[in-house]
There are 2 protein chains.
Amino acid sequence: MSATWDQIVERLRELSDLVAAIKLMHWDQATMMPPAGGAARARAQATLQATAHARFVDPEMGALIDGLSEESLSNEQEANLRLLRREYDKAVRVPQELVRELAEVSGRAYQAWTEARPAADFSVLEPHMVRLLELKKREAEALGYEKEPYDALLDQYEPGMTTAEVESMFQGLLRGLKPLVDEVLDNVGDPPGWLGDRYDPDRQMAFCQWLVSQLNFDVSEGRLDISPHPFTIHIGPGDVRQTTRPDPDNLMMSVYAAVHETGHALYEQGLPREWADLPIGSPPSLGMHESQSRLWENQVARSRPFTDFLLPQLKERFPEEIGMVSPDEFYRGVNHPQRTLIRVTADELTYNLHVSFRFELELALFRGELSVPDLPGAWDDMMSEHLGLRPDSVADGVLQDMHWSTGSFGYFPTYTLGTIYSAVLFAQATAQLPGLKAELRSGVTDSLLDWLRENVHSLGYQHDAKDLIERVGGGPITPEPLLDYLRAKYSELYPSA
Amino acid sequence: MSATWDQIVERLRELSDLVAAIKLMHWDQATMMPPAGGAARARAQATLQATAHARFVDPEMGALIDGLSEESLSNEQEANLRLLRREYDKAVRVPQELVRELAEVSGRAYQAWTEARPAADFSVLEPHMVRLLELKKREAEALGYEKEPYDALLDQYEPGMTTAEVESMFQGLLRGLKPLVDEVLDNVGDPPGWLGDRYDPDRQMAFCQWLVSQLNFDVSEGRLDISPHPFTIHIGPGDVRQTTRPDPDNLMMSVYAAVHETGHALYEQGLPREWADLPIGSPPSLGMHESQSRLWENQVARSRPFTDFLLPQLKERFPEEIGMVSPDEFYRGVNHPQRTLIRVTADELTYNLHVSFRFELELALFRGELSVPDLPGAWDDMMSEHLGLRPDSVADGVLQDMHWSTGSFGYFPTYTLGTIYSAVLFAQATAQLPGLKAELRSGVTDSLLDWLRENVHSLGYQHDAKDLIERVGGGPITPEPLLDYLRAKYSELYPSA
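Residues numbered from 1 in each chain as written. Chains lettered and ligands numbered in written order. Predicted model: local features only at pLDDT ≥ 70, side-chain atom pairs only at ≥ 80, totals over all residues. Heavy atoms only, no water.

Attention shifts here to the overall build of chain A. Looking only at helices and strands, one finds 21 helices and three strands in chain A. In terms of overall dimensions, chain A has C-alpha extents of about 65 × 50 × 50 Å along its principal axes. Here chain A holds 497 residues, and the buried ones make up 57% of them. A separation of at least 24 residues holds for 73% of the contacts in chain A among residues at least 6 apart in sequence. (Helix = DSSP H or I, 4+ residues; strand = E, 2+ residues; numbered from the N terminus. Buried < 20%, exposed > 50% of the residue type's maximum accessible area, 1.4 Å probe, protein only. Contact = heavy atoms within 4.5 Å.)

Right under this line is the structure:
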């Protein structure tokens, strides 16, 4: 090992440690922090982020990267160097002044969003969004791109994926999905009453604690807590934390949120420990991460074999509330599709319609085909076109998600990319693990987890997500495996569809 | 405000933010962190500590302090400058190499202590202690002192207090305390059985949560959690956290630990918010801090009026366990003194005997009158002389506390200094608040807290602890108020004494 490499590793360790502190502050803020600690916490987080950023863009870091490029390296070092150079170049290309302005304006825009949503008043957010869009366009120019500015933004969340590829994939998905949704929803009645009964939140949490362990989430190396918005965070090696939210009127939300986050958490717990501080030790993209959460939440935990395992377990904890529900009713209940306004509570069938029109809208903003003042109207039109509903209020329309107010353009498509990836992965896993269905019926997921560990988790970031999925799937990524899966599932659930 | 001052404040804010992250990592490690996260956490803490230290000893900081000294300053700025110069000079006087070595050796020594104690084998720790003592002597030389090396160490925890002053104060205390202890303990029987009954830990925690709020700990600006060793930590403005430890076989331990920590926590919550990042915004010493915890734990919560308030509250939560205990029995039970081997569970009467001989021992080490290999024997002799007991094992003798293995020489005396301060403060408060006893009988502590806010908390670190206590007490600090308080209390409890 060279002295240059050692120095780089030393710096990467220091950055890992700073980032661990930032992540812990974030987790604590969402789960434990007393309300009055917010102002001091925001300042401390900004200071640590600035400290970490300054350490990373330090010209000495650039010189070390240049130096390493001239040495003879192992394959692993080559892979690290490639990612490190990409990250470093991106970080130094954006002028400090623009970084600072983006942080300030998105901070104000997010604050405005927290006021605009309850007031159902887009005009509170609008001027901040206009400014933010200008700055994000400048950021895209500074970062550089091949075809269009949106490529640069997408690349921050899904490196290696282009706008054109996403557009074509999403068009293919919609072509197959919309007729399916229309057919199915014509045959669906009201959701069953037991879904909305009252379930004690403490017993919900106890059940979720049991369930995440059952799914092999290692609680000696992690925790499950409560937060308003469920999330998973890797604080450091041996410390992966996830959250869920028990809603007294919705048992299955906390349960499926816990399974979703367990998908993220198992991925983090399965990354190669020895690469913990290195670029190749992290997941390659948000889409790749989402593929894991979607796979466990939907393909596993909403499957008939697994719901057959789950129901008796739930009945033990909620005998009065759910004792009379049959396996058939339970399976249909947790897979009940419907046209709704809100993305985060949308079902598996309609979810990607919500995501794809957000992608179209943000693309139009960056292509100059849509202006911010016209966004609420365009949103309502899209909602009407894709879901057949018009929101009564912008609170349930364009203001429902925080993403745009934080400047996270290019983030939404990763939700659907993840869903597409999850179907590719699950189709392969099912083909290679003939006993999987029987195992799921007993609540056993060990062989599936082993398969994911081998084919995804243990690889870290040696390949971009696209390359990884294409290697596992044996060809170019298409939405077909997802469409096949949904068609099979919903034609069995609603045979007339 | 000058540009120099603004730059100093900017740097102090940055340091506050780094320290907030370090404190949060510490709190999390003790309360929430999954076991496997320890190694990564230790490294991250070391990185952040090194980052903060490097920022503080930066020569530019020294230049700014020098620059400020030449400007005309407000009283507040003068006070800040004085403390800042003291801290900066101390920090730069110790060579970086020695700082690094001390961190390494104390890390290894602490690790050795964690192995030596369960093995009851001092020889595991001995070589590390020998090395640590050498390094601490070098640190004392680097820091500088007036009369003897121990002054420099004491000054790190109790600035402004000298070894000679502590020695004379402790001698005075022992002269009064030892005859009292002997007389009382001749009249004391066995502790009452209900003290050791089984109490559900969850209900203990619920009671402690209620009690700390009753004592005006503001839970919108803090939390109470569980940790093996109770502690209080100020994460940042609006965020003060304390812990206790419910022991199923010892109800009163968790209750009094919670009151003790509430004393610390009320102090932190009462510090001037506008000075949060400035030197004058912190408590002046460990002894001052301990004065608050001791005052609430002993003078308040072990007083007859307050135990009369507490008992019915406890009976509501533990009717079967404690329903038959009378107010008299309860008061005598929570004030039951006895000769024991362990400091942390010692009662109010004998506690300071434990502390004072530790002070004598560490003083002898630094005066070259005692060597590390002779320490276990000297400990046992001291225990026998002061408490009339000889430990069967070093695990209950010299190895019972971690302090020395972490290099914290000069720390122990602050426990007894705090107790002495608490008696000075409580005597004054009692004299100035004639209705206090009646209030305590109703569980009301508002006027006492107001008095402490005005006379102690709101002053921050404008004065050294010694000066502050002398101002409030109206003269030189003596152990007499503590002795008077103990004599009055125990002669009433055990009239024949």
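Turning our attention to helix 16 (residues 375-387) of chain A. All names here are of chain A. The terminal C-alpha atoms of helix 16 lie 17 Å apart, and with 13 residues this matches the ideal 18 Å at 1.5 Å per residue to within 8%. Considered for burial, the residues of helix 16 that qualify are Leu375, Pro376, Ala378, Trp379, Asp380, Met382, Met383, His386 and Leu387. Elements in contact with the buried residues of helix 16: helix 6 (122-143), helix 8 (163-186) and helix 15 (351-366). Phi for glycine 388, located one or two positions after helix 16, is positive at around 70 degrees. (Expected span 1.5 Å × (residues − 1).)

This part covers unusual backbone geometry. All names here are of chain B. Unusually for a residue other than glycine, alanine 120 sits at a positive phi of about 50 degrees. Mapped onto the secondary structure, alanine 120 falls in the loop between helix 5 (96-119) and helix 6 (122-143). With a relative accessible area of 35%, alanine 120 lands in the partly exposed category. One non-glycine residue, asparagine 216, lies in positive phi territory at about 75 degrees. When you line up the elements, asparagine 216 lands in the loop between helix 9 (201-214) and strand 1 (222-226).

Taken together, the 34 residues of chain A in the interface contact 34 residues of chain B. In terms of surface lost to chain B, no three residues of chain A exceed Asp17(A), Pro34(A) and Arg43(A), which account for 22% of the buried area on that side. The partner of Arg43(A) in a salt bridge is Asp17(B), and the shortest N-O contact between them spans 3.0 Å. Linking chain A with chain B are 16 residue pairs in polar contact (both at pLDDT 80 or more). For the side of chain A that touches chain B, the element with the highest residue contribution is helix 1 (residues 3-31) of chain A, accounting for 10 residues. (Buried area = accessible area lost by both parts, 1.4 Å probe. Salt bridge = Lys/Arg side-chain N within 4 Å of Asp/Glu carboxyl O. Polar contact = N/O pair within 3.5 Å; in protein donor to acceptor, adjacent residues only side chain to side chain.)

As a further point, take the sheet that holds strand 3 (residues 239-244) of chain A. Residue and element names in this part refer to chain A. Spatially, three strands are ordered 1-3-2 in an open sheet, and the strand pairing comes out mixed. Each edge of the open sheet is held by one strand with a lone partner, namely strand 1 (222-226) and strand 2 (232-236). The mean angle between the axes of side-by-side strands here comes to 25 degrees, regardless of whether they run parallel or antiparallel. Pairing analysis gives four bridges linking strand 2 to strand 3, with the strands arranged antiparallel. Bridge pairing links histidine 234 to valine 240 in strand 3. (Pairing = 2+ DSSP bridges. Axes fitted to C-alpha atoms, helices over the stretch in contact; angles between N-to-C directions.)

This part covers the sheet that holds strand 3 (residues 239-244) of chain B. Residues and elements named next belong to chain B. Spatially, the three strands line up as an open sheet ordered 1-3-2, and their pairing is mixed. At either margin of the open sheet sits one strand with a lone partner, and together these are strand 1 and strand 2 (232-236). Neighbour-to-neighbour, the strand axes of the sheet open up by a mean angle of 25 degrees, direction not taken into account. Across five bridges, the pairing between strand 1 and strand 3 is parallel. Paired with arginine 223 across the bridge in strand 3 is arginine 241. Lying over the sheet, helix 1 (residues 3-31) contacts strand 1, strand 2 and strand 3, oriented at roughly 140 degrees with respect to strand 2.

The subject of this paragraph is the relation of the copies chain A and chain B. With an RMSD of 0.0 Å, the fit of chain A onto chain B corresponds to turning through 180 degrees and sliding 0.0 Å along the axis. Such a combination of turn and shift is consistent with a two-fold rotation axis. Rotation axis and chain A: the residue whose C-alpha lies nearest the axis is Ala21(A), separated from it by 3.1 Å. Of all interface residues in chain A, 100% are interface residues in chain B too; the two copies therefore contact each other through one and the same surface. (Least-squares fit on C-alpha atoms with pLDDT ≥ 70 in both.)

This part takes up the domain arrangement of chain A. Residues and elements named next belong to chain A. Each domain of chain A was delimited in the assignment, giving domain 1 (3-157) and domain 2 (158-497). Each of domain 1 and domain 2 has a C-alpha centre, and the two are 26 Å apart. The interface of domain 1 with domain 2 comprises 45 residues on the first partner and 57 residues on the second. Note on domain 1 versus domain 2: buried area summed over both sides is about 4,500 Å², and carbon and sulfur give 66% of it. Counting the surface domain 1 buries against domain 2, the share from its top three residues, Trp27, Tyr150 and Tyr157, is 19%. The tally of links between domain 1 and domain 2 comes to three salt bridges. For arginine 86, the salt bridge goes to aspartate 464, with nearest N and O atoms at 2.9 Å. Taken together, the links from domain 1 to domain 2 amount to 18 residue pairs in polar contact (both at pLDDT 80 or more). Of all elements in the fold, only helix 1, helix 4 (75-93), helix 5 (96-119), helix 6 and helix 7 (149-157) reach the threshold of two or more residues within the side of domain 1 that touches domain 2. If you tally residues by element for the side of domain 1 that touches domain 2, the top one is helix 1, at 12 residues. (Domains from an automatic or database assignment.)

Turning to the confidence of the model for chain A, a few remarks are in order. Overall, the predicted model of chain A reaches an average pLDDT of 96, with 100% of residues at or above 70. For this predicted complex, the interface confidence score (ipTM) comes to 0.94, while the overall pTM stands at 0.95. (pLDDT = per-residue confidence, 0-100.)

The subject of this paragraph is the packing of aromatic side chains. Tallied over the full model, the rule gives 38 aromatic pairs over all chains. Centroid distance Tyr411(A) to Tyr415(A): 5.6 Å. Interplanar angle 55 degrees. Geometry classified as tilted. A relative accessible area of 24% means that Tyr411(A) is categorised as partly exposed. In this structure, Arg317(B) is placed above the aromatic ring of Trp210(B), and the distance from its NZ or CZ to the ring centre is 4.9 Å. (Phe/Tyr/Trp six-rings, centres within 6.5 Å; stacked < 30°, edge-to-face > 60°. Lys NZ or Arg CZ within 6 Å of the ring centre and 35° of its normal.)

Turning next to the environment of Ser72(A). In this fold, Ser72(A) is placed in the loop between helix 3 (59-69) and helix 4. Along the primary structure Ser72(A) and Ser2(A) are separated by 70 residues, whereas in three dimensions their C-alpha atoms are 9.4 Å apart.

Next up on the list: the side chain of Ser254(A). Residues and elements named next belong to chain A. By secondary structure assignment, the location of serine 254 is in helix 10 (residues 251-270). Overall, the relative accessible area of 0% leaves serine 254 in the buried class. Polar side-chain contacts of serine 254 include one of 3.1 Å to the backbone oxygen of leucine 251. Ignoring any residue separated from it by four or fewer positions in sequence, one finds serine 254 in contact with Gln204, Cys208, Thr244, Arg245 and Pro246.

All names here are of chain A. Packing of helix 15 against helix 17 (residues 413-432) leaves a shortest axis separation of 8 Å and a crossing angle of 135 degrees. Taken together, the axes of helix 15 and helix 17 lie oblique to each other. Where helix 15 crosses over helix 17, the handedness of that crossing is left-handed. Residues Tyr351, Asn352, Val355, Phe359 and Glu362 of helix 15 lie in contact with helix 17, whose contacting residues are Pro413, Tyr415, Thr416 and Thr419. (Parallel < 35°, antiparallel > 145°, perpendicular 65-115°, else oblique. Left-handed = near helix turned anticlockwise from the far one by under 90°.)

A separate point is the pattern of salt bridges. Note that side chains of opposite charge can pair when their charged atoms are close. All names here are of chain A. Applying the stated criterion across every chain yields a total of 78 salt bridges over all chains. Here glutamate 60 ties to arginine 11 by a salt bridge, and the two come within 3.1 Å at their closest N and O atoms. You can see glutamate 60 sitting in helix 3 and its partner arginine 11 sitting in helix 1, a full 49 residues away along the chain. Between glutamate 348 and lysine 489 there is a salt bridge whose closest N-O contact spans 2.9 Å. A residue pair is termed long-range when its members are at least 10 positions apart, and glutamate 348 in the loop between helix 14 (327-334) and helix 15 and lysine 489 in helix 21 (residues 480-493) qualify at 141 residues. Neither residue differs from the other here; glutamate 348 and lysine 489 are each classed as buried.

Right, let's talk about the packing of helix 8 of chain A against helix 17 of chain A for a bit. Residue and element names in this part refer to chain A. Running from N to C, helix 8 and helix 17 point in directions that differ by 65 degrees, and their axes come no closer than 11 Å. Crossing angle aside, the handedness with which helix 8 passes helix 17 is left-handed. Contacts between helix 8 and helix 17 pair Val166, Met169, Phe170 and Leu173 from the former with Pro413, Thr416, Leu417 and Ile420 from the latter. For the contact of helix 8 with helix 17, the class distribution of residues is seven nonpolar, one polar and no charged. (Nonpolar A, V, L, I, M, F, W, Y, C, P; charged D, E, K, R; others polar.)

Within helix 7 (residues 149-157) of chain B, seven of the nine residues are buried, which leaves the element mostly enclosed by the surrounding structure. All of the buried residues along helix 7 of chain B are Pro149(B), Tyr150(B), Asp151(B), Ala152(B), Leu153(B), Leu154(B) and Tyr157(B).

This part covers the pairing of strand 2 of chain A. Counting buried positions over the five residues of strand 2 of chain A gives four, a clear majority of the element. The turn joining strand 2 of chain A and strand 3 of chain A, which pair antiparallel and follow one another in sequence, is formed by two residues; a positive phi near 80 degrees is taken by Gly238(A).

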